[in-house]
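Per-entry structural report
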Amino acid sequence: MDDIKIRLQLVWGTLLVLAGVGLIFRIPQVMPQIEQIEYFAAVIPFIYFCMYFVAVFLIAGGGRKLYLNARRLKSDTAPKP
């Protein structure tokens, strides 16, 4: 990969991690509004699980992208997956 493409992937990984962290901070603010909707009253624990699940995967995916592309940038070769 070109150096520019690797740097772009690093930026994208950073944005994924920040989106995951932002989602973790946003969930406690949004859930009271969702709890007021009667239709979702029975599945509130599942909604909590899903939102935190997405946040964790955003952080993990962004972290993986940062790790792999930082290694590529340092070594100038693609690491084996």
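What comes next concerns the included structure. (Residues numbered from 1 in each chain as written. Predicted model: local features only at pLDDT ≥ 70, side-chain atom pairs only at ≥ 80, totals over all residues. Heavy atoms only, no water.)

1. Describing the nonpolar core
Grouped together as the largest cluster of nonpolar side chains are six residues: I27, V30, M31, I34, I44 and I47. Of all the elements in the fold, those that place two or more residues in this core are α1 (3-35) and α2 (44-75). Top contributing element to this core by residue count: α1, with four residues. In this structure M31 touches I44, I47, Y48 and M51, once residues within four positions along its chain are discounted. (Core = buried A, V, L, I, M, F, W, Y, C linked by side-chain atoms within 4.5 Å. Buried < 20%, exposed > 50% of the residue type's maximum accessible area, 1.4 Å probe, protein only. Helix = DSSP H or I, 4+ residues; strand = E, 2+ residues; numbered from the N terminus. Contact = heavy atoms within 4.5 Å.)

2. Quick notes on the environment of Y48
By secondary structure assignment, the location of Y48 is in helix α2. Separated by 17 residues in sequence, Y48 and M31 place their C-alpha atoms 7.9 Å apart. Non-local contacts of Y48, meaning those with residues more than four positions away in its chain, are made with I27, M31 and E35.

3. Some words on a nonpolar patch on the surface
Taken together, the side chains of I37, Y39, F40, V43, F46, F49, F53, V54, V56 and F57 present a nonpolar region at the surface, about 1,000 Å² in accessible area. Its location among the elements puts F53 in helix α2. (Patch = residues over 30% accessible without salt bridge, like charges linked within 9 Å, V, L, I, M, F, W, Y side chains within 5 Å. Areas by Shrake-Rupley, 256 points an atom, 1.4 Å probe, with all protein chains shown as cover. Salt bridge = Lys/Arg side-chain N within 4 Å of Asp/Glu carboxyl O.)

4. Quick word on the packing of α1 against α2
Relative to each other, α1 and α2 sit at 165 degrees, their axes nearing to 8 Å. It follows that α1 is roughly antiparallel to α2 by the angle criterion. When you trace α1 past α2, the crossing you get is left-handed. Among the residues forming the contact of α1 with α2, the class breakdown is 25 nonpolar, eight polar and five charged. (Axes fitted to C-alpha atoms, helices over the stretch in contact; angles between N-to-C directions. Parallel < 35°, antiparallel > 145°, perpendicular 65-115°, else oblique. Left-handed = near helix turned anticlockwise from the far one by under 90°. Nonpolar A, V, L, I, M, F, W, Y, C, P; charged D, E, K, R; others polar.)

5. Section: the side chain of N69
Checked against the element boundaries, N69 lands in helix α2. Residue classification places N69 among the buried positions, given a relative accessible area of 4%. Of note is the side chain of N69, whose polar atom sits 3.2 Å from the side chain of R72. (Polar contact = N/O pair within 3.5 Å; in protein donor to acceptor, adjacent residues only side chain to side chain.)

6. Quick notes on the packing of aromatic side chains
Taken as a whole and assessed by the stated rule, the structure comprises four aromatic pairs. Note on Y39 and F40: the rings are 5.4 Å apart at their centroids and 80 degrees apart in plane angle, and the pair reads as edge-to-face. Assessed through its relative accessible area of 31%, F40 is described here as partly exposed. A ring pair is formed by F53 and F57, whose centres lie 4.6 Å apart and whose planes are at 45 degrees; its orientation type is tilted. Of this pair, F53 and F57 both sit in helix α2, separated by four residues, roughly a single helical turn. By relative accessible area, which is 42% here, F53 ends up partly exposed. The class for F57 is exposed, based on a relative accessible area of 52%. Here the aromatic cluster, defined as three or more aromatic residues joined through ring pairs, consists of F49, F53 and F57. (Phe/Tyr/Trp six-rings, centres within 6.5 Å; stacked < 30°, edge-to-face > 60°.)

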